[in-house]
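Architecture and fold: a report
One-letter residues, chain by chain:
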Amino acid sequence: MSDSSSVKHLVRITNCLQTILDLESQLEQLENGHSLLDEFAVLKSFLEKIDEVELSESDVERIETATSNFLRELQGPLARRKPRARAERRLQ
């Protein structure tokens, strides 16, 4: 695998992980969101070491698909958050 491919894979994986981590504050507002937050420590640790991992195109595609599926699954719960929580967030 070329260095260019490795860099592209690294960028794509980092983007997926960062996209998920960016949801942390929103997940805190979900009724069962705290159970997911425990996994964020694992993601953060992995993100710190991602440059040490060798990834193939199929690995990257699988992670991108999993990220897309995860975001799709969260659309409903995030849309049903308590209106008060959204209003409080806007006032801050």
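The structure under discussion appears in the preceding block.
An account of the accompanying structure is given in this report. (Residues numbered from 1 in each chain as written. Predicted model: local features only at pLDDT ≥ 70, side-chain atom pairs only at ≥ 80, totals over all residues. Heavy atoms only, no water.)

1. Section: the packing of helix α1 (residues 3–21) against helix α4 (residues 57–79)
Running from N to C, α1 and α4 cross one another at 20°; their axes reach a closest spacing of 10 Å. Taken together, the axes of α1 and α4 lie roughly parallel to each other. Crossing angle aside, the handedness with which α1 passes α4 is left-handed. Residues H9, R12, I13, C16, T19 and I20 of α1 pack against E57, V60, E61, I63, E64, T67, F70 and L71 of α4. Across the contact of α1 with α4, the residue classes break down as 7 nonpolar, 3 polar and 4 charged. (Axes fitted to C-alpha atoms, helices over the stretch in contact; angles between N-to-C directions. Helix = DSSP H or I, 4+ residues; strand = E, 2+ residues; numbered from the N terminus. Parallel < 35°, antiparallel > 145°, perpendicular 65-115°, else oblique. Left-handed = near helix turned anticlockwise from the far one by under 90°. Contact = heavy atoms within 4.5 Å. Nonpolar A, V, L, I, M, F, W, Y, C, P; charged D, E, K, R; others polar.)

2. Some points on the pattern of salt bridges
Using the criterion set out here, one finds 4 salt bridges in the structure. In this structure, the salt-bridge partner of E57 is R12, at a minimum N-O distance of 3.0 Å. Of this pair, E57 sits in helix α4 while R12 sits in helix α1, placing them 45 residues apart in sequence. The exposure class assigned to E57 is partly exposed, which follows from its relative accessible area of 34%. A residue is classified by how much of its surface remains accessible, and R12, at 24% relative accessible area, is partly exposed. (Salt bridge = Lys/Arg side-chain N within 4 Å of Asp/Glu carboxyl O. Buried < 20%, exposed > 50% of the residue type's maximum accessible area, 1.4 Å probe, protein only.)

3. Topic: the packing of α1 against helix α3 (residues 33–49)
To describe two helices that pack against each other, one gives the angle between their axes and the distance between the axes. Running from amino to carboxyl end, α1 crosses α3 at an angle of 150°, the nearest separation of the two axes being 10 Å. Regarding the angle of α1 to α3, the classification is roughly antiparallel. The hand of the α1/α3 crossing is left-handed. Facing I13, T14, L17, Q18, I20 and L21 of α1, the residues of α3 in contact are F40, L43, K44, F46 and L47. Broken down by class, the residue content of the contact of α1 with α3 amounts to 8 nonpolar, 2 polar and 1 charged.

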